[in-house]
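Letter by letter, the chains look like this.
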Amino acid sequence: MTEEYEEGLYRENIIDHYKNARNFGELKDYDIKTKELNLTCGDQIQLTIKLKDDKVSDVKFEGAGCAVSIASASMLTEKIKGMNIKQLKELNEKDIYAMLGIKLGTARVNCALLSLNTLKKGLKEAKL
Amino acid sequence: MKNFTKDFPILNEQVNGKQLVYLDNGATSLTPEPVLQAMNEYYHKFNANVHRGIHSLSEKATEKYDNAHAKIAKFINANSDEIIFTRGTTEALNLLAYSLTNDLTEGDEILVSEMEHHANLVPWQQLAKQKGLKLKYIKVNSEGELDFKKVITDKTKIVSVTGMSNVLGTINPVKEIAKIAHEHGALLIVDAAQSVPHLPTDVKDLDCDFLTFSGHKMAGPTGIGVLYGKKELLDKMQPFMYGGDMIKEVTFKDSTWSDAPLKFEAGTPSIAEAIGLAAAIDYLTKVGMDWIQEHEQEITKYALEKLQSIDGLTLYGPKNSEKRGSVFSFTLKGIHAHDIAEILNQEGIAIRPGHMCAMPLVTQVLKQPAVARASFYFYNTKEEVDKLVNGLEECKKVFNV
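Scoring rules and cut-offs
Residues numbered from 1 in each chain as written. Chains lettered and ligands numbered in written order. Predicted model: local features only at pLDDT ≥ 70, side-chain atom pairs only at ≥ 80, totals over all residues. Heavy atoms only, no water. Helix = DSSP H or I, 4+ residues; strand = E, 2+ residues; numbered from the N terminus. Rg over C-alpha atoms; globule rule 2.2 N^0.38 Å. Buried < 20%, exposed > 50% of the residue type's maximum accessible area, 1.4 Å probe, protein only. Core = buried A, V, L, I, M, F, W, Y, C linked by side-chain atoms within 4.5 Å. Axes fitted to C-alpha atoms, helices over the stretch in contact; angles between N-to-C directions. Parallel < 35°, antiparallel > 145°, perpendicular 65-115°, else oblique. Left-handed = near helix turned anticlockwise from the far one by under 90°. Contact = heavy atoms within 4.5 Å. Nonpolar A, V, L, I, M, F, W, Y, C, P; charged D, E, K, R; others polar. Polar contact = N/O pair within 3.5 Å; in protein donor to acceptor, adjacent residues only side chain to side chain. Pairing = 2+ DSSP bridges. Salt bridge = Lys/Arg side-chain N within 4 Å of Asp/Glu carboxyl O. Arc of directions from axis to C-beta. Expected span 1.5 Å × (residues − 1).

Engineer: What am I meant to see in the overall build of chain B here?
Structural biologist: Helix and strand counts for chain B stand at twelve helices and 17 strands. For a compact globule of 401 residues, the expected C-alpha radius of gyration is about 21 Å, and chain B comes in at 22 Å, within 12% of that figure. Overall, the C-alpha framework of chain B stretches about 70 × 55 × 35 Å when taken along its three principal axes. Taking all 401 residues of chain B together, 57% fall into the buried category.

The structure is reproduced here in structure tokens:
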């Protein structure tokens, strides 16, 4: 029965990123710090981002949430390291789905997009 | 052992290739054939508006609608003119909040509990803010019960508590709370959305001043709820919604009101739904509310034992089966409630993750980002408890915890 899950939503990489989240924590020296909630299931993500020469030099995230939201945040922090502001702004939903590589039902879309929504909010708040 | 699959054909449905195990009754209950037939009969045979026509269809519709009032009244040992139909418990509680706070003055106190559903928290909170009233909370202790003995004072004008928590399953001793409230000159409102469907309820015995519940949590349709109020109180209250049916006389200058309960039933009512609710009550009476209470007690005892034996599972609410109903909110170490619900759904098991419309309770009292809830009703079985437990063990395997 567990094999079914390995092909589906709870593929090994999702579980791995959930249990061993990359870049977990909070930057003390940051240029962007922001928080966002997914109220439908109680997920929340905080992002801290350090920029150097207009590019992401370091990023950390903190938060509590379901496997999809945490895995998404973990993968996103890996993805955006080295990206410039323009590239960050161009990130969209399709990039997140491709990044996660899983089929998402409508109920879980918000979980997957929480990390991206947090990033977008941070960019807006920092007026970038 | 009673078999309900004939009355609830949905129990034979497959979900994701597995037999449906419906454990989300706290959100809404399943609806049996006789209720659907009663509603269809209205639309097929006497589809007319009530209280207005002389023609036969209208007479028949009015008769059925008025009988529904009477039937609901008998179910909770009230009088017909003490039963008001609303869209649900939320609307009933809003009605009370708007209407009763009209007669309060700045500094008066309203008391609700920390375990309330948003429907019995947010209206009071907002009206207290608007009118300069003080909202206070009865605390939930570590056993999941209310510490109500010393908290009601002479400043308290309204006490509003749940009959059974939709998160913790706690059955509150509302009869005792009513006594203390009355000793201090306060009104007692019971949000019985979770208790009326599961426990025999007698409003005269409880001596509550108001009581609210919803059709869709007790095998009835959505879109219909009940507000019970003592007649002498309803007579003194201002209307909540204005319009047709709740008036006696209207001129361009002013209007006068109908007597209660019509005073609080503006506009065309949910006629089919009221008839559906009456049919649901017939159905529950036939099954037997005492049988329902006993059966659920058995499920509760069994589920308490089985759930607490799962390593890493924290169960919230009273652990004594006499003090709680069959609503089980829990967390599993290392697995978010949303993921638990997702995996259980793959097994055909329907539960609910999140805050259960009790965000302060879950986040501030239980201190959890979310919980998972399995809630049972009279058609659920011990086998389904076993399926839930197996499903939870499966969650642990998937997440390797």
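Engineer: So what exactly am I meant to see when it comes to the nonpolar core here?
Structural biologist: Generally speaking, a soluble globular protein has its nonpolar side chains buried in company with each other. Within the largest apolar cluster, 77 residues are counted, with the highest numbers of intra-cluster contacts made by B:L211 and B:F378. Per-element tally for this core: the top contributor is helix α8 (residues 271-287) of chain B, with twelve residues. In this structure, A:L100, A:A112, B:V389 and B:L392 belong to the second largest nonpolar core, which totals 69 residues.

Engineer: It is not clear to me how the packing of helix α2 (residues 56-75) of chain B against α8(B) should be interpreted in this structure. Could you clarify?
Structural biologist: Each pair of packed helices can be summarised by the angle the axes make with each other and by the distance between the axes. All names here are of chain B. With their axes 9 Å apart at the nearest point, α2 and α8 run at an angle of 40 degrees to one another. In terms of axis orientation, α2 runs oblique to α8. Where α2 crosses over α8, the two elements pack in a sense that is left-handed. For the pair α2 and α8, contact is made by K64, Y65, A68, K71, I72 and F75 and by I271, A274, I275, L277, A278, I281, D282, L284 and T285, respectively. For the contact of α2 with α8, the class distribution of residues is eleven nonpolar, one polar and three charged.

Engineer: Please clarify how the side chain of B:T62 should be interpreted in this entry.
Structural biologist: Residues and elements named next belong to chain B. Structurally, T62 can be placed in helix α2. Its relative accessible area of 15% is what places T62 among the buried residues. Here the side chain of T62 touches H51 through a polar contact of 3.0 Å, landing on its backbone nitrogen.

Engineer: Even after reading the chapter, I still don't get the sheet that holds strand β3 (residues 55-64) of chain A, so can you show me in this structure?
Structural biologist: Residues and elements named next belong to chain A. The strand order across the open sheet formed by three strands is β1-β2-β3, and the pairing between neighbours is antiparallel. This sheet does not close on itself; its edge strands, each paired only once, are β1 (32-38) and β3. Going from strand to strand, the sheet's axes swing by 20 degrees on average, the running direction of each strand aside. As judged from the seven bridges shared by β1 and strand β2 (residues 43-52), these two strands associate in the antiparallel manner.

Engineer: I tried to follow the pattern of salt bridges on my own but got confused; where do I start?
Structural biologist: Between side chains of opposite charge, a pair can form as their charged atoms come close. Under the defined criterion, the tally for this structure stands at 27 salt bridges over all chains. Close ionic contact of B:E347 with B:K18 constitutes a salt bridge, the shortest N to O distance being 4.0 Å. Residue B:E347 is found in the loop between α10 (337-346) and β15 (349-350), and its partner B:K18 is found in strand β2 (residues 18-19); the two are separated by 329 residues along the sequence. Note on B:E347: relative accessible area 13%, which makes it buried. Within this structure, A:D16, A:R22 and A:E78 form a network of salt bridges that share partners.

Engineer: Looking at this structure, I do not really get helix α5 (residues 174-183) of chain B. What am I missing?
Structural biologist: Note: α-helices contain 3.6 residues per turn, so residues at a spacing of three or four share the same orientation. Residue and element names in this part refer to chain B. Those residues of α5 that fall on the buried side of the exposure criterion are V174, I177, A178, I180 and A181. Axial view of α5: buried residues confined to an arc of 170 degrees, hence all on one face. Seen from the buried face of α5, the exposed residues on the opposite side, beyond 90 degrees, are K179 and E183. The inward-facing, buried residues of α5 abut β7 (156-162), β8 (187-191) and α6 (203-206). Phi turns positive one or two residues past the end of α5, at G185, with a value near 75 degrees.

Engineer: Just to check I follow, could you spell out helix α12 (residues 382-399) of chain B for this structure?
Structural biologist: Residue and element names in this part refer to chain B. When the terminal C-alpha atoms of α12 are compared, their 26 Å separation across 18 residues agrees well with the 26 Å that a helix rising 1.5 Å per residue should span. When we look at burial in α12, the residues that qualify are E384, V385, L388, V389, G391, L392, E394, C395, K396, V398 and F399. At the C-terminal side of α12, N400 shows a positive phi close to 60 degrees.

Engineer: How should I be thinking about the pairing of strand β10 (residues 225-229) of chain B in this particular structure?
Structural biologist: Within a regular strand, the side chains alternate between the two sheet faces. Residue and element names in this part refer to chain B. Where burial is concerned, most of β10 is hidden: five out of the five residues are buried. Here β10 shows no split at all, with G225, L227 and G229 on one side and V226 and Y228 on the other all buried. Relative to β10, strand β4 (residues 83-86) is paired through four bridges, and the arrangement is antiparallel. Bridge pairing in β10 places T86 opposite G225. Relative to β10, strand β9 (residues 210-214) runs antiparallel, the two being bridged by five bridges. By the bridge assignment, F213 is partnered in β10 with V226.

Engineer: Mind showing me how you'd approach the interface of chain A and chain B here?
Structural biologist: How big an interface is tends to be reported as the loss of accessible area on association of its parts. Taken residue by residue, the interface counts 20 residues in chain A and 20 residues in chain B. Viewed at the interface, chain B and chain A are joined by two salt bridges. Linking A:R108 and B:E342 is a salt bridge whose minimum nitrogen-to-oxygen distance equals 2.5 Å. Seen at the junction of chain A and chain B, the total is six residue pairs in polar contact (both at pLDDT 80 or more).

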